[in-house]
Amino acid sequence: WGTWQGLPITVFDYTFVVRDYSPDGTDVERQLSCATTQVQPRSGHLTIAKEGFFTRLADHMGFQDIQFGVEEFDRTFQVKCTDPQFARSLIDQHMMRWLLDSAEGFAFEMNEAYLLCYSRRRRPTDFTPLLATLKRFHDRIPQGAWSFYGSGTPAPGVTAPPAPPPPGLAAGRE
C-alpha cells in the first residue's frame, strides 16, 4: 500500500463467514478493515482484543488467556500468546494504560515479524484512525520487547521501563 507517517503499511478489508451449524442457526458475515506493518520483535502468535466475539474465536484456537494482575486491564482485554513471556514484555504498564485509554474499537495481532491492527469495516475515507492506532501501538513497543525479541530499535522518542520479571518473580506487582 505504501508508507504512513514513516511506517511501511499494507491496508486491506477482510470478510469472512462464521458458520452456525445448529438446526435454527444462521451464518454471520463479518467484515473488518485491517492495517499491517513489519516489526523487529519476533513473536509467537499474540492477540489483544476486548472480550467479545473474536476473543471467543481465539478460545477455540487453543490460546491461553494471559492475566497481568491489573484488574481493569484483565477484565477489559483478553490477551493470548503462544509465548506468555513475550506478551508480558510487550504489554507493560504504559502499553496497558494506552490500550485502556485509546484503543476502543480496535484489536491487535502479532505473528513472527508482523503487527496487525483491525476494526469494524471502514470506508476508505475513514482509514486514518486505523492507521493512527497501528502506528501508536508500533511506537509504544517497549524497549524490553525490542531487547529480548528483536534485532531493531524502538521508534525515536519511545522510552519505557524494562520488561517485567518472569511470572514466578513478579511478587508484589500490581
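Heads up: the structure comes first, above all this text.
One structure accompanies this document, and this report is about it. Note that the structure is predicted; figures quoted are calculated from it, not measured. (Residues numbered from 1 in each chain as written. Predicted model: local features only at pLDDT ≥ 70, side-chain atom pairs only at ≥ 80, totals over all residues. Heavy atoms only, no water.)

Remarks on the overall build of the protein chain
And step 1. Each helix and strand in the protein chain was counted, giving six helices and five strands.
And step 2. Ordered by position from N to C terminus, the α and β elements of the protein chain give β-β-β-α-α-β-α-α-β-α-α.
And step 3. Here the protein chain, with 174 residues, has 45% of them falling under the buried criterion.
And step 4. For the protein chain, contacts bridging at least 24 residues in sequence account for 61% of all contacts bridging at least 6.
And step 5. For the protein chain, the exposed area adds up to about 9,500 Å²; of that, 52% sits on carbon and sulfur atoms. (Helix = DSSP H or I, 4+ residues; strand = E, 2+ residues; numbered from the N terminus. Buried < 20%, exposed > 50% of the residue type's maximum accessible area, 1.4 Å probe, protein only. Contact = heavy atoms within 4.5 Å. Areas by Shrake-Rupley, 256 points an atom, 1.4 Å probe, with all protein chains shown as cover.)

Side note on the pattern of salt bridges
And step 1. One pass over the structure, following the stated rule, counts eight salt bridges.
And step 2. In this structure, Lys50 engages Glu104 in a salt bridge whose closest nitrogen and oxygen atoms are separated by 2.6 Å. Of this pair, Lys50 sits in strand 3 (residues 28-50) while Glu104 sits in the loop between helix 4 (93-102) and strand 5 (107-120), and the two are 54 residues apart along the sequence.
And step 3. What makes Lys50 partly exposed here is its relative accessible area of 26%.
And step 4. Glu104 sits in the exposed class, given a relative accessible area of 61%.
And step 5. Across the pair Asp126 and Arg122 runs a salt bridge whose closest N-O atoms are separated by 3.2 Å.
And step 6. Given a relative accessible area of 9%, Arg122 falls into the buried group. (Salt bridge = Lys/Arg side-chain N within 4 Å of Asp/Glu carboxyl O.)

Focus: the packing of aromatic side chains
And step 1. For the structure shown, the criterion picks out six aromatic pairs.
And step 2. Geometrically, the ring pair formed by Trp98 and Phe108 is tilted, given 6.1 Å between the ring centres and 50° between the ring planes. Here Trp98, found in helix 4, pairs with Phe108, found in strand 5; they are ten residues apart in sequence, far enough to count as distant. You'll find Trp98 and Phe108 in the same group, each marked buried. (Phe/Tyr/Trp six-rings, centres within 6.5 Å; stacked < 30°, edge-to-face > 60°.)

Description of the pairing of strand 2 (residues 7-18)
And step 1. Bridging between strand 1 (residues 2-4) and strand 2 involves three bridges; their strand directions are antiparallel. Along strand 2, the bridge assignment pairs Trp4 with Leu7.
And step 2. Following strand 1, the chain reverses through two residues before pairing antiparallel with strand 2; Gln5 in that reversal takes a positive phi of roughly 50°. (Pairing = 2+ DSSP bridges.)

Section: the packing of helix 4 against helix 5 (residues 128-139)
And step 1. Running from N to C, helix 4 and helix 5 cross one another at 165°; their axes reach a closest spacing of 11 Å. The angle between helix 4 and helix 5 falls in the class roughly antiparallel. Like other packed secondary-structure pairs, helix 4 and helix 5 cross with a definite hand, here right-handed. In contact with Met95, Trp98 and Leu99 of helix 4, helix 5 contributes Thr133, Arg136 and Phe137.
And step 2. Residue classes in the contact of helix 4 with helix 5 are distributed as four nonpolar, one polar and one charged. (Axes fitted to C-alpha atoms, helices over the stretch in contact; angles between N-to-C directions. Parallel < 35°, antiparallel > 145°, perpendicular 65-115°, else oblique. Left-handed = near helix turned anticlockwise from the far one by under 90°. Nonpolar A, V, L, I, M, F, W, Y, C, P; charged D, E, K, R; others polar.)

Considerations on helix 5
And step 1. Its twelve residues place the ends of helix 5 16 Å apart at the C-alpha level, agreeing with the 16 Å of an ideal helix rising 1.5 Å per residue.
And step 2. For helix 5, the tally of buried residues reaches nine of twelve residues, placing the bulk of the element in the interior.
And step 3. Taken together, the buried positions of helix 5 are occupied by Leu130, Leu131, Ala132, Thr133, Leu134, Lys135, Phe137, His138 and Asp139. (Expected span 1.5 Å × (residues − 1).)

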